Every structure is written in structure tokens, then in C-alpha cells.
Amino acid sequence: MQTYYPLFTAIPLAAAFLNLLLSKISMKVSDYIAFLVTGILAVMSVKMLFEAPFIYAVGNWRPPFGILLVSDGLSSMMLVVINLIAFLAVIFSMKYMSTYTAKPKYFSLFMLMIAGMNGVVITGDMFNLYVFLEIASIASYALVGFGTGKKELEASFKYLILGGVASTAVLFGIAFLYSMTGTLNMPDLAQQLEVIGMTRTVGFVVALFLMGFGLKASAVPFHAWLPDAHPSAPAPISAMLSGVLIKALGIYTIMRIMFNIIGKDELISAIIMFLGAISMVIGGLLAVGQKDFKRMLAYSSISQMGYVLIAIGLALKPSAEPVVASLALIGGLFHLVNHAVFKSLLFLASGAVEYRTGTRDLGKLGGLIKKMPVTGAATAVGSLSIAGIPPFNGFWSKLIIILALFRGGYWVYGTVGVVVGFITLIYFVMLQKEVLFGKLPESLSKIKEAPFAMVLPLVILAVLCLVMGIGYMAIEGQMLDSAASALLDKMAYMNYLIGG
Amino acid sequence: MDRLEQEIKDTSKGMTPIVKTVVRFVIGIIVIFGVYIVLYGHVTPGGGFAGGVILASAYVLLTLAFGKEMGLSKMSNTGASLLDNSGALMFVIIGLLGYTGGYFFYNFLGKGDPFQLFSAGSIPLANIAIGVKVTASVFAIFMALSIFGRFIYKAAEGDESESEE
Amino acid sequence: MILYFLSLVLLVMGLYCLIAKKNIVKKIIGIVIAEYSINLFLVLVGYRHEGIAPILLKGMQTEELVQKGVDPLPQALVLTSIVIGLGTLALMVALCLRMYEKFKTFDMTKINTLKG
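Counting starts from 1 at the beginning of each chain's written sequence and moves along it residue by residue. Chain labels run from A onward and ligand labels from 1 onward, assigned in the order the entries are written. pLDDT decides what is reported in this predicted model: residues at 70 or higher carry local features, side-chain atom pairs at 80 or more are listed and counted, and totals for whole chains, interfaces and linings draw on all residues regardless.

### Structural notes on the overall build of chain B
Strands here mean DSSP runs of E at least two residues long; helices mean DSSP runs of H or I at least four residues long; both are numbered from the N terminus. On a plain count of helices and strands, chain B comes out with 7 helices and 0 strands. The helix and strand sequence of chain B, counted from the amino end, reads α-α-α-α-α-α-α. Buried residues in chain B amount to 30% of all 165 residues. With C-beta atoms placed from the backbone, a contact is any residue pair whose C-beta atoms sit within 7 Å. Summarising the internal contacts of chain B: among those between residues at least 6 apart in sequence, 58% fall at separations of at least 24. To sort residues by exposure, count the other C-beta atoms lying within 10 Å of each residue's C-beta; 20 or more gives buried, 12 or fewer gives exposed, and values between give partly exposed, all with C-beta atoms placed from the backbone.

If you want it as C-alpha cells, here you go:
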């Protein structure tokens with residue numbers, strides 16, 4: 001398994017170009033290629049969970065001269081999240097995208113996006129991270145505007161401009177880091193920055209990275225693209241964007257750089273916690289008054305990412321006790337995995353509803369649980385999970401984060417977390433009342449259940465919500481402990497330079 | 001020869017006959033220069049991307065001087081798409097063939113002496129693949145934005161637009 | 001410090017163009033100028049005073065290249081970055097053309113269908 005590590009990026013890249021070549025012959029080949037490739041990737045990523053950490057030198061160039069691929073607990077966890085949700089989204093889109101005409105091009109762009117995200121997560125070289133970040137971002141800009149109507153084009157253009165400025169800021173930070181240390185290898189950078197310490201230049205670099213990666217992660221001053229881009233994309237792309245892309249490109253890179261390369265610092269920790277807190281509040285408050293199904297889900301994404309950011313900020317504080325730091329980090333990582341599962345479930349359900357009824361407006365929907373029972377039940381499970389009701393998985397992750405905040409002595413942030421959890425419950429109950437229960441309008445009395453290929457991912461994700469909630473201890477032992485300890489241990493990351 | 005002279009004297013598409021005659025001479029030199037930069041990419045500065053852009057600019061010059069039918073007859077839309085994808089696929093296959101040496105992207109062919117054309121292992125092959133891909137890509141972008149973008153002007157005048165992909 | 005002054009001026013000019021102009025094409029030009037200013041900064045990081053180009057000619061020793069040549073690594077990074085900029089620019093111009101077809105205007109303040 002160790003020698004096949006670069007195949008996580010090579011296989012989707014080859015599949016994307018092979019897809020366009022073979023689609024000149026027949027249009028249905030792209031479905032099978034996408035299904036096969038994402039299936040293989042999902043199986044490979046689950047196998048990676050059980051391996052010991054290792055490094056891989058591409059082309060047999062020894063570090064620090066060559067490009068390094070690093071596999072530790074955090075990368076394995078992110079790989080499982082990305083590839084499993086990609087597989088389910090591909091199954092969903094085989095039926096959903098039949099109304100669009102250019103289906104092979106859609107699957108090609110989808111494969112490119114997966115290749116980019118996998119590359120960001122497995123690499124150990126700073127500029128390689130930037131290249132894969134750009135591959136995934138450009139593929140997602142094109143996918144947001146895929147159905148070329150007025151709203152999709154405007155949303156895609158706004159997303160493109162803001163994302164372009166963020167990538168420029170990231171490249172600026174990488175240029176500064178190279179001029180200070182003379183190397184681009186991430187473990188080598190960690191060693192050199194340990195010697196240099198926290199000067200004003202390093203502080204400027206951190207500010208640039210927070211701006212660039214914070215925009216990809218939709219933290220609050222940089223969130224303006226998300227409520228326009230996520231509703232306008234086709235439903236499986238919304239699930240991928242909101243469920244996986246903002247985590248793999250935004251939260252993962254912030255965690256990797258702040259914990260493993262730059263190290264813990266008081267001021268940076270306070271800033272990240274403040275950004276997380278205002279993300280929670282503003283995302284939650286703006287979600288209450290929405291009339292569009294997907295726009296409400298998009299604002300709720302901003303709010304939940306605030307939870308993860310505040311947990312990361314608490315774990316980054318050098319003066320926190322080790323118990324509080326590891327508790328906060330485990331809570332944050334678990335909330336990341338949970339949010340991937342239930343937010344993609346909700347977006348796929350909104351796609352199924354739109355496929356059958358043709359509308360996303362909450363005023364025109366109602367009483368769908370009688371006509372679409374399986375979709376309705378899955379939506380109900382997703383809403384209860386995200387609101388934090390036991391025994392689903394959202395309850396455990398929010399509880400751990402709020403407990404860690406109170407134990408660390410942050411009474412204000414803890415109370416804010418509890419209040420925002422209550423606001424989340426309010427608008428998701430409102431969503432359920434508008435969509436599932438209530439009176440069925442006259443125009444919708446003839447709809448049927450969604451097709452099987454669209455209902456299957458919903459059922460799988462809903463079962464996963466329940467299983468992760470009840471079997472929380474097994475997940476913690478297998479995935480989260482190794483991920484959290486890989487982040488908190490900067491010495492082990494620096495030793496990857498020597499090998500192993 | 002007769003058809004070519006007719007093409008040159010035809011002033012309804014493309015530019016004046018002076019431009020067309022000069023372009024006939026110059027285009028061969030541009031293509032040879034582009035191929036030289038792609039092939040010698042491991043000895044002198046340049047490589048796949050720079051050589052590919054020069055080759056694409058030869059096609060663009062042809063289209064600007066002679067009109068869009070001449071440009072499309074040399075490389076059609078599906079031809080550009082095929083060249084593009086096969087170039088990228090060749091690059092990934094060269095990377096995967098490195099597994100015969102044990103590592104991804106390993107330089108598995110013989111290295112030879114420095115400063116020669118046939119040296120440096122699999123780097124010239126990768127340069128050729130990238131050169132083919134970039135030529136087809138830049139030419140396809142130029143075609144899609146200018147020739148197939150004529151529906152914009154029709155839409156602006158209020159006519160019904162025929163949308164091309 | 002004087003060396004990096006041009007790069008800073010270009011970055012500020014590009015950002016001003018992106019923020020203050022209303023025409024979409026001018027905004028695109030602003031982003032391109034800002035991206036190229038970062039490329040210029042990256043190349044200038046590898047500068048060495050009175051250095052030679054990092055190309056090994058026949059009959060030259062490698063120690064001379066190591067002692068007097070400018071740093072070749074940022075030049076490779078800039079090559080990649082220019083290609084990425086080309087991809088982003090192609091996508092931006094294609095979107096701009098499609099938006100003109102649908103909205104009939106190049107003015108960004110009139111394109112505001114998504115609200116709330």
C-alpha cells in the first residue's frame with residue numbers, strides 16, 4: 001500500500017482525461033468510469049486508515065530536495081471523508097444530471113476536483129499544496145456555474161474573483177516563507193521556523209494565510225461568496241462544496257500550517273477563536289430569515305464551520321492544559337467529520353426534492369412526508385443531527401466542544417456556543433415544518449418518490465449518522481485519536497525529514 | 001497552386017494580400033522554432049509550456065491572416081479536443097511508468113551524457129506531451145472565445161442567439 | 001527594500017483596479033495585474049547582486065555556478081504560477097462573455113439578482 005500512495009491523485013487525473021476521450025464514442029461511458037474510479041478510491045482510503053505513518057519520496061529524490069508525501073492520522077481521516085462522500089455524490093449525480101446536456105464534461109470536472117482535494121491532503125511540500133489548491137478551486141469555479149442561467153453565472157463570477165484574490169494572498173505568504181528559510185519542504189520549514197521564532201515577518205505570513213485559507217473555509221469576514229455559490233450549483237456539487245471542499249481546502253490547511261509548521265501562539269489562538277465565534281453568530285442569525293431551502297443550508301454551513309474554528313483556536317493556545325487542548329481538538333475533528341456527513345445528506349435531499357417538485361422555495365413546499373417518505377425521513381434525520389439531538393452524532397461533537405470551552409475558562413464563548421446551538425435548533429425545526437409537515441399544496445399532489453439511484457446515498461448517509469452517534473467510542477479510538485495526536489505533536493512532524 | 005493564389009487574392013476574408021504572402025513564409029519558421037524549444041527543453045531554457053504557446057501562436061497567426069475556415073481546416077474542434085486529452089493522458093502514463101523503477105515519476109530511461117539531445121531519461125518525452133497539450137489547449141481557448149463567441153454580438157443586437165457550447 | 005518597490009506598487013494598483021472600477025473587464029485586468037506582481041516578487045526573492053544566469057555551459061565548472069548564479073528555484077515556481085494564471089484568466093473571460101449574453105451589460109452594479 002505504501003508504494004501506491006501517489007495514485008490518490010494520479011487515478012482521478014487520468015480518469016478525467018480518459019473520460020473526455022471516450023465520450024466521443026458514447027455518452028454513457030462517463031458514468032461507469034466515474035463510478036469505478038470513486039469506488040476504487042473509497043476502498044483505498046479506508047485501507048489507509050489501518051497503516052502506520054510513513055513518508056513517500058516522489059521520484060526517489062531524498063528530502064529536503066524533492067517533493068514529499070506525508071501520511072499520518074490526519075491525512076488518513078481527511079482522505080476517508082473526501083472519497084466516501086465523493087462516491088455517494090457520484091451515485092446521486094448519475095440520475096440527477098440527466099437533465100443537463102454536457103454530462104461527460106461534468107464528470108471530468110468532478111474528477112479533477114477530487115484529484116485536487118486528494119493532492120492537498122496528502123502532500124508535504126508547500127508549493128505542491130498551492131498547485132493542488134488551485135486545481136481544485138478552478139474545477140469548482142467551473143462547476144458552480146454549470147447550468148448556465150443568470151443566477152449561476154453571477155454566483156460563479158463572484159466566487160471566482162474572491163477565490164482568485166485569496167490564492168494570490170496564499171502565494172504571497174509562500175514567497176515570504178521561502179525568502180526567510182530557503183526551503184519549501186513542510187517538515188524542513190517546521191525545523192527552520194522553530195529556530196527563527198515568532199518575528200514580525202512570520203506574523204505577517206500568518207495574517208496572509210488566515211486571509212487566504214480563511215476565505216476558502218468561509219470564516220466570517222470572508223464568507224460573502226458562500227451564500228451565492230452553494231445554492232446555485234447543482235445539488236451533488238453543493239454537497240461536495242459544502243461538505244468536503246471548505247474543509248479540505250480551508251480547515252485542513254489552517255490546521256496543518258498552524259499546528260505543525262508555525263507552532264502555538266497566544267495572539268493567533270485568540271484571533272482564530274474570535275473568527276470562529278463571530279462565524280457562529282452571524283451564520284446562525286442570518287439563516288433564520290431565509291426563504292430558500294439551499295440558502296438556509298449554506299448559511300448554516302458558515303455557522304458550523306465557526307464551531308470547528310473555535311475548537312481549533314482553543315487547542316492552539318500554548319497556556320491551555322493538555323487535557324483541555326486534546327479534548328477541544330477531538331471535538332473539532334469529530335464535528336468536521338459529522339458536518340461532512342449530515343450537510344451533504346441535507347444538500348442531496350434538497351436536490352431530490354427539487355428534482356421531483358421543481359422548486360426550492362420554502363413557501364411553495366409542504367407536507368412532503370406523505371408523498372416522499374424515504375427522502376422525508378432522511379431529511380428529518382439530518383436536521384435532528386445538525387441541531388444536536390441525542391442519540392445522533394451532532395450531539396456528541398457539540399457537547400465536547402462546549403465542555404472544552406467551559407473547562408478552559410471561556411465562559412463567554414461557551415455561552416455563545418450554547419445559544420447558537422439553540423438558534424440552529426430553531427431554524428431547522430422551521431425547515432422541517434415548512435418542507436415535511438403541514439399541508440400539501442395543490443400543485444404538488446401528483447409527485448412520486450425520488451428514483452432509487454438518488455435515494456440510496458440518502459439512506460446510507462442517514463444510517464451513518466445514527467451509527468456514528470451510537471458507536472462514538474469506536475470512531476474515536478480508530479480515527480480521531482491518531483489525527484489529534486498527529487496535530488499536537490510538532491516534534492514527530494519535524495522528524496519526518498529524516499524519514500519515517 | 002491555383003487555389004492558393006485565389007485564396008490570396010480573395011479580400012473578403014482575412015487580411016490584405018501582402019499580409020497573406022508574408023505569413024506563408026513566416027509560419028514555417030515559427031513552427032520549426034516552437035518544435036526546437038520543445039525538443040531541447042532539457043538542455044536550454046524553455047520546455048513544454050513555452051514551446052506549446054509558440055506553436056499555438058502559429059495557428060492563431062494563420063487564423064488571423066486567412067480567416068476562420070483556414071484555421072479550422074488545419075485543426076478542427078474535435079481534433080483539438082482529442083490532441084488535448086491524449087497529451088495529458090500521455091503525461092500521466094509517463095508518471096505511472098516510473099513504477100517500473102520503483103517510484104512514481106522515477107526517471108527510468110538511460111540518462112546518457114549531458115548537453116546531448118538524447119539524454120536525461122524521460123524528461124524529453126514529458127516535454128513533448130506537455131507541448132502537444134498546450135498547443136491544442138491554447139488554440140481551443142482562442143477558438144472558443146473569438147469564433148464561437150459571435151453569438152454575443154447577435155444577442156446584443158436583439159436577434160435570436162444560437163448558443164454554441 | 002528598493003528592489004521590491006515595483007512589486008508593491010503593482011499589487012496596490014491591481015487591487016485598486018479590482019475594487020474601484022465598475023466595468024467587469026477592468027476588474028479582470030486588475031486581478032491579472034495583482035497576480036503578476038506576486039510573480040515578480042517571487043522572482044526577485046532569488047536575486048543575487050552581480051549574478052549570472054543559472055545555466056551550465058560547456059566548459060564551465062559547477063562551483064562557479066553555485067557561487068555566482070541567481071537562485072533557479074523561484075523561476076520554476078513562477079513558471080507554474082503563470083500557467084495557473086492563464087487558466088484562471090481563460091475561465092474569467094469566458095464567464096464575462098456569457099454574462100454579457102445574459103445580462104446585456106458589462107456594468108457590475110447592474111448585475112445583482114442574488115440578494116438576502
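### Considering the overall build of chain C
In terms of helices and strands, chain C carries 4 helices and 0 strands. N-terminal to C-terminal, the α/β element order of chain C is α-α-α-α. Taking the principal axes of its C-alpha atoms as reference, chain C extends roughly 65 × 30 × 20 Å. In chain C, which comprises 116 residues, the proportion classed as buried is 22%. Taking as baseline every contact in chain C between residues at least 6 positions apart, the subset at least 24 positions apart corresponds to 56%.

### What about the interface of chain C and chain A?
Chain C puts 25 residues into the contact, and the matching count from chain A is 26 residues. Mapped by element, the contributors of at least two residues to the side of chain C that touches chain A are α2 (24–45) and α4 (73–103) of chain C. Sorting elements by how many residues they give to the side of chain C that touches chain A places α4 of chain C first, with 13 residues. Residues are sorted three ways: Asp, Glu, Lys and Arg are charged, Ala, Val, Leu, Ile, Met, Phe, Trp, Tyr, Cys and Pro are nonpolar, and all the rest, Gly among them, are polar. Here the side of chain C that touches chain A is built from residues that sort into 15 nonpolar, 6 polar and 4 charged.

### Quick look at the pairing of strand β2 (residues 68–71) of chain A
Residue and element names in this part refer to chain A. Neither face of β2 is exposed, since Leu68 and Val70 on one face and Leu69 and Ser71 on the opposite face are all buried. Two strands form a pair only when DSSP identifies at least two bridges running between them. Across 4 bridges, the pairing between strand β1 (residues 54–57) and β2 is antiparallel. Bridging across to β2, phenylalanine 54 finds its partner in serine 71.

### Here we look at the interface of chain A and chain B
Listed by partner, the interface residues are 13 residues for chain A and 17 residues for chain B. Taken together, the residues of the side of chain A that touches chain B sort by class into 10 nonpolar, 2 polar and 1 charged.

### Digging into the packing of helix α5 (residues 126–144) of chain A against α4 of chain C
Under this scheme, a helix contributes an axis fitted over its contacting stretch, all axes are lines through C-alpha atoms, and angles between N-to-C directions fall in the 0 to 180 degree range. Direction vectors running N to C along α5 of chain A and α4 of chain C enclose 10°, while the axes themselves pass 11 Å from each other. In terms of axis orientation, α5 of chain A runs roughly parallel to α4 of chain C. Between α5 of chain A and α4 of chain C, the residues in contact are Phe127, Val131, Glu134, Ile138, Tyr141 and Ala142 of chain A and Leu77, Thr80, Ile84, Gly87, Thr88 and Leu91 of chain C, respectively. By residue class, the composition of the contact of α5 of chain A with α4 of chain C is 8 nonpolar, 3 polar and 1 charged. Each angle receives one of four descriptions, namely roughly parallel if under 35 degrees, roughly antiparallel if over 145, roughly perpendicular if within 65 to 115, and oblique otherwise.

### So, unusual backbone geometry
Here the bond from proline 390 of chain A into proline 391 of chain A is cis, since omega is 0°, no more than 30 degrees from zero. Mapped onto the fold, proline 391 of chain A is located in the loop between α15 (373–387) and α16 (393–407). With phi around 60°, asparagine 60 of chain A is a residue other than glycine that occupies positive phi space. Structurally, the position occupied by asparagine 60 of chain A is in the loop between β1 and β2. Positive phi is not limited to glycine here, since lysine 104 of chain C has a value of about 65°. Looking at the secondary structure, you find lysine 104 of chain C in the segment after α4. Judged by the 12 C-beta atoms lying within 10 Å of it, lysine 104 of chain C falls in the exposed class.

### Thoughts on the confidence of the model for chain C
For residues with low pLDDT, the predicted coordinates do not support detailed interpretation. Of the residues in chain C, 99% reach a pLDDT of 70 or more, and the chain-wide mean stands at 89. Model confidence for chain C, summarised as mean pLDDT per element, is weakest for helix α3 (residues 62–68) of chain C at 85 and strongest for α2 of chain C at 94. Note: pLDDT gives the predictor's confidence per residue, expressed from 0 to 100.

### Overview of the environment of aspartate 292 of chain A
All names here are of chain A. With respect to the helices, strands and loops of the structure, aspartate 292 is situated in the loop between α11 (266–288) and α12 (293–315). Under the C-beta neighbour-count criterion, aspartate 292 is labelled partly exposed, with 18 such atoms within 10 Å. Separated by 61 residues in the primary sequence, aspartate 292 and proline 231 place their C-alpha atoms 8.6 Å from one another. Setting aside anything within four residues of it in sequence, one finds aspartate 292 in contact with Pro231, Arg360 and Asp361.

### Quick notes on the environment of lysine 22 of chain C
All names here are of chain C. Tracing the chain through its elements places lysine 22 in the loop between α1 (5–20) and α2. For lysine 22, a count of 11 C-beta atoms within 10 Å puts it in the exposed group. Measuring from C-alpha to C-alpha, the distance between lysine 22 and isoleucine 111 comes to 11 Å, with 89 residues separating the pair along the chain. Those residues in contact with lysine 22 that lie beyond four places of it in its chain are Asp107, Met108 and Thr109.

### Here's the deal with helix α3 (residues 48–66) of chain B
Here, expected helix span is obtained from the residue count minus one, scaled by 1.5 Å. Between the first and last C-alpha of α3 of chain B there are 27 Å, a value that for 19 residues agrees with the 27 Å anticipated at 1.5 Å per step. Downstream of α3 of chain B by one or two residues, glycine 67 of chain B has phi in the positive range, about 105°.

### Quick word on the packing of helix α3 (residues 73–96) of chain A against helix α4 (residues 103–122) of chain A
Residue and element names in this part refer to chain A. Where α3 meets α4, the closest approach of the two axes is 9 Å, and the angle between their N-to-C directions is 170°. Between α3 and α4, the crossing angle belongs to the class labelled roughly antiparallel. Listed contacts from α4 to Ser75, Met78, Leu79, Ile82 and Ala86 of α3 are Ile114, Met117, Asn118, Val121 and Ile122. Grouping the constituent residues of the contact of α3 with α4 by class yields 8 nonpolar, 2 polar and no charged.

### Let's talk about the environment of glutamate 35 of chain C
Within the secondary structure, glutamate 35 of chain C is located in helix α2. Exposure remark for glutamate 35 of chain C: the 23 C-beta atoms within 10 Å place this residue in the buried category. Taking C-alpha positions, glutamate 35 of chain C is 8.8 Å from serine 81 of chain C, a pair spaced 46 residues apart along the chain. Excluding residues within four positions of it along the chain, glutamate 35 of chain C makes contact with Thr168 of chain A together with Gly85 of chain C.

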